[in-house]
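Next come the chains, spelled out residue by residue.
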Amino acid sequence: SSDLVRTLHGLAHDLVRDRPGLVNLDDRFQIVDENEAGRIRTQIVQSWLSSHPEFVDHYLSDDLNESQVNRVVRKDLPGQFNSLANAFIRKVKDYRLTPERLRVLMEDIPVPLPLAEMGIDLYTEYQRALNYRGMVDFDDLIGLALQALETDPDYLERWQHRWPFILEDESQDSSRLQEQILAKLAGKQGNWVRVGDPNQAIFETFTTASPDFLRKFIQREDVIHRNLPNSGRSDRKSVV
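Residues numbered from 1 in each chain as written. Predicted model: local features only at pLDDT ≥ 70, side-chain atom pairs only at ≥ 80, totals over all residues. Heavy atoms only, no water.

**Overview of the nonpolar core**
Nonpolar side chains in soluble globular proteins tend to be buried together. Counting residues in hydrophobic clusters, the biggest one holds 29 residues, and the most contacted among them are Leu11, Leu15, Val16, Leu25, Leu149, Ile181 and Leu185. Sorting the residues of this core by element identifies α1 (8-18), α6 (138-151), α7 (153-162) and α8 (176-186) as the ones contributing at least two each. Here this core takes seven residues from α6, the largest share from any one element. Among residues more than four places away in sequence, those in contact with Leu25 are Val16, Pro20, Val136 and Leu144. Of all hydrophobic cores here, the second largest spans 26 residues; its members include Ile40, Val72, Leu102 and Met106. (Core = buried A, V, L, I, M, F, W, Y, C linked by side-chain atoms within 4.5 Å. Buried < 20%, exposed > 50% of the residue type's maximum accessible area, 1.4 Å probe, protein only. Helix = DSSP H or I, 4+ residues; strand = E, 2+ residues; numbered from the N terminus. Contact = heavy atoms within 4.5 Å.)

**Section: α6**
End to end, α6 covers 20 Å across 14 residues, agreeing with the expected 20 Å (1.5 Å per residue, within 8%). Summarising burial for α6: ten of the 14 residues are buried, a large majority. Buried within α6 are the following residues: Asp139, Asp140, Leu141, Ile142, Gly143, Leu144, Ala145, Leu146, Ala148 and Leu149. Here α6 starts with a cap whose side-chain oxygen sits 3.1 Å from the backbone nitrogen of Asp139, and that cap is Asp137. (Expected span 1.5 Å × (residues − 1). Polar contact = N/O pair within 3.5 Å; in protein donor to acceptor, adjacent residues only side chain to side chain.)

**Examining empty space enclosed by the protein**
Enumeration according to the criterion identifies one cavity of 30 Å³ or more in this entry. Counted as a void, the largest cavity has a volume near 100 Å³. Glu34, Asn86, Tyr126, Asp137 and Asp139 are, among the 13 residues lining the largest cavity, the residues nearest its centre. Sorting elements by how many residues they give to the lining of the largest cavity places helix α3 (residues 66-94) first, with four residues. Of the residues that constitute the lining of the largest cavity, the class distribution is five nonpolar, one polar and seven charged. (1 Å grid on protein atoms, 1.4 Å probe; cavity = no way out; pocket = protein on both sides within 12 Å on 5 of 7 lines; lining within 4 Å. Points joined across faces, edges and corners; volume = space filled by probe spheres on them. Nonpolar A, V, L, I, M, F, W, Y, C, P; charged D, E, K, R; others polar.)

**Examining the packing of aromatic side chains**
Applying the stated criterion across every chain, the model contains five aromatic pairs. An angle of 75° between the planes, with centres 6.0 Å apart, marks the rings of Tyr155 and Trp159 as edge-to-face. With Tyr155 and Trp159 both in helix α7 and four residues apart, this pair spans about one turn of that helix. The exposure classification of Tyr155 matches that of Trp159, with both residues buried. Feature note: the residues Trp48, Phe55 and Phe81 constitute an aromatic cluster, connected by ring pairs. One Lys or Arg, Arg17, reaches over the ring of Phe29 and ends 3.9 Å from the middle of that ring. Lying across the ring of Phe217, Arg194 places its NZ or CZ 4.7 Å from the centre. (Phe/Tyr/Trp six-rings, centres within 6.5 Å; stacked < 30°, edge-to-face > 60°. Lys NZ or Arg CZ within 6 Å of the ring centre and 35° of its normal.)

**A short note on unusual backbone geometry**
With a phi angle near 60°, Asn24 is a residue other than glycine that sits in the positive phi range. Position of Asn24 relative to the elements: it lies in the loop between α1 and β1 (30-31). Look at Asn24 and you get exposed, because its relative accessible area is 70%.

**A word on the environment of Leu113**
You can see Leu113 is positioned in the loop between α4 (99-106) and α5 (114-133). By relative accessible area, which is 31% here, Leu113 ends up partly exposed. A C-alpha to C-alpha distance of 12 Å links Leu113 and Phe55, two positions 58 residues apart in sequence.

**Describing the confidence of the model for the protein**
Per-residue pLDDT for the protein averages 87, and the proportion of residues at 70 or more is 90%. Element-level pLDDT for the protein is lowest in strand β6 (residues 236-239), with a mean of 48, against a maximum mean of 98 in strand β2 (residues 135-136). The low-confidence segment residues 231-238, where pLDDT is below 50, has 25 contacts with residues more than four positions distant or belonging to other chains. (pLDDT = per-residue confidence, 0-100.)

**Quick notes on the layout of surface pockets**
By volume, the second largest pocket amounts to about 590 Å³. What lines the second largest pocket is a set of 27 residues, among which Thr98, Tyr123, Gln127, Asp140 and Leu144 lie closest to the centre. Contributing elements (two or more residues each) for the lining of the second largest pocket: α4, α5, β2 and α6. Per-class residue counts for the lining of the second largest pocket are eleven nonpolar, eight polar and eight charged.

Below you can see the structure in the form of structure tokens.
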């Protein structure tokens, strides 16, 4: 049977694992889990802060004494910078921006952006650490899956033939790249049913998912849109 239920990350894994050479991956590539990715970022952040002790001076209150400054730098900042690095890395990967490309873009900005420069440094070291381990993270997986479909038209056609109809549930929680993957698979025939409610988005605050992608999709002139009542609930889901 061609029927298959997958999470979008599971789908991306299928697309990449089937032909890793299309995206310059070794057949034995591994996927780093969130815990290990967090540990890698923590090590990178701590190393970066140690080598840039002057960086935090601009962000600390003058009212702090030396003991308080030491506590903030040792205990508070690493966790905050780790979260900042995670948000930065996820966002730029959603835009398919490499560290090298970001550095080129930074050259055209006439004002200093120290936080962005820090983010690029941490992103560079994070990707270097993953490459050294032969790993990709879940955000890489999404981007690489789309890259594979864009690289080989025959490969894309094979997957389109396998899944002539696509039903996407909870589409308000899809990211930019996830939406583009499904659009590629749906192709010109457009047999793509998206079920979701922009008002029920739950991942927007901590992932690159956004209900705005579904809202923009609904507004397209070539999309057939229906509102259906949810059983036992007062809100409604959109089927497009």
